[in-house]
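A look at the structure
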Amino acid sequence: MAFHDIQSLKGDGIRVSWHLALFDLGSYKFQLFIMSLKIFADASNQLYKVSASNDGKLFGNSVEIRVFNSTCLDCTDKSCKQKNTACHIGNQCYNDGAKNPSDVKQLCDVTQSVTQWSSPPALSEKPTLSGPDVDYLYSCKFDSVKVNGDVKVTWFVDSVAQTSEMLTKGTGEAVISLRDLPTKGMLTCSIEMNSAASTSGSLTSQAF
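The rules we used
- Residues numbered from 1 in each chain as written.
- Predicted model: local features only at pLDDT ≥ 70, side-chain atom pairs only at ≥ 80, totals over all residues.
- Heavy atoms only, no water.
- Helix = DSSP H or I, 4+ residues; strand = E, 2+ residues; numbered from the N terminus.
- Core = buried A, V, L, I, M, F, W, Y, C linked by side-chain atoms within 4.5 Å.
- Buried < 20%, exposed > 50% of the residue type's maximum accessible area, 1.4 Å probe, protein only.
- Pairing = 2+ DSSP bridges.
- Axes fitted to C-alpha atoms, helices over the stretch in contact; angles between N-to-C directions.
- Contact = heavy atoms within 4.5 Å.
- Disulfide = S-S within 2.5 Å.
- Salt bridge = Lys/Arg side-chain N within 4 Å of Asp/Glu carboxyl O.

1. A few points about unusual backbone geometry
- Gly131 connects to Pro132 through a cis peptide bond whose omega is 0 degrees.
- Structurally, Pro132 can be placed in the loop between strand S12 (128–130) and strand S13 (137–141).
- The phi dihedral of Asn91 is positive, around 65 degrees, even though this residue is not glycine.
- Looking at where Asn91 falls in the secondary structure, it is placed in the loop between strand S8 (86–89) and strand S9 (92–95).

Next up, the structure:
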């Protein structure tokens, strides 16, 4: 019977799943093949030391294995190099254009930075937020001539995104019902086109 030991040399690898093939070569010699190795860890770059034993006490020579995310890193057995086609932030990889999980107003923009979150370029046109009207609707309006294209409108309450919709070219207004919002909070709307964005002023949203 063979025992297998995996130690993390760098990073925070917590749980490991692996498939091994062990061949008895005779004269107390064995050949170990690592068929597959899966690391249950969030880090984009992990270095592990792998060794084997037939009694669980005395282990043979170890082999170092590097597991990395090729989305943003290009690694050898010695080191890793940051790619310029994706972001590497907080030891995680993000594709170009991906939103910050903690702040949807930030994104990975490799034209600005590959190591930190970026703010999208601002649209010259700023949306106007008004309401609620007699039908309990809030309106987010902008000049569809100045913003000439399909526009994504996102509603926020206290900077937390609530819902989004796409407006086709030539449409300059989006509405949302008070019934679809939290009972209270600061309401804003943003418009986004081709990764450029602009945000309205805020209004206090309260249940009726």
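2. Overview of the nonpolar core
- Ranked by internal contacts, the top residues of the largest apolar core, which has 20 residues, are Val153 and Trp155.
- Of all the secondary-structure elements, those providing two or more residues to this core are S13, strand S14 (151–157), strand S16 (173–177) and strand S17 (184–193).

3. Thoughts on the sheet that holds S13
- Pairing is antiparallel across the open sheet formed by three strands, whose spatial order is S12-S13-S16. Two strands lie at the open edges of the sheet, namely S12 and S16, each paired on one side alone. Direction aside, neighbouring strands of the sheet carry axes that sit 15 degrees apart on average.
- Pairing of S13 with S16 involves five bridges; the strand directions are antiparallel. Residue pairing for S16: Lys141 is matched across the bridge by Glu173.

4. Quick word on the environment of Leu187
- Looking at the element boundaries, Leu187 is found in strand S17.
- Residues Leu187 and Phe156, 31 residues apart in the sequence, show an inter-C-alpha distance of 5.7 Å.
- Non-local contacts of Leu187, meaning those with residues more than four positions away in its chain, are made with Leu129, Tyr138, Trp155, Phe156, Val157, Leu181, Gly201, Ser202, Leu203 and Ser205.

5. Observations concerning the state of the cysteines
- Considering all chains together, one arrives at four disulfides under this definition.
- Paired through a disulfide, Cys75 and Cys80 show a sulfur-sulfur distance of 1.9 Å. The sign of the S-S torsion, about 110 degrees, decides the handedness of the disulfide formed by Cys75 and Cys80: right-handed.
- For Cys75, a relative accessible area of 13% translates into the label buried.
- Given the relative accessible area of 29%, Cys80 is considered partly exposed.

6. Some details on the pattern of salt bridges
- One pass over the full model with this rule turns up one salt bridge.
- With a shortest N-O distance of 3.4 Å, Glu192 and Lys99 are connected by a salt bridge. Of this pair, Glu192 sits in strand S17 while Lys99 sits in strand S10 (residues 99–100), and the two are 93 residues apart along the sequence.
- For Lys99, a relative accessible area of 33% translates into the label partly exposed.

7. Some remarks on the pairing of strand S15 (residues 160–167)
- Sheet topology note: the S14/S15 ladder contains seven bridges and is antiparallel. Each residue of the ladder has a partner; that of Trp155, found in S15, is Thr163.
- What sits between S14 and S15 in their antiparallel hairpin is a turn of two residues, with Asp158 showing a positive phi close to 55 degrees.

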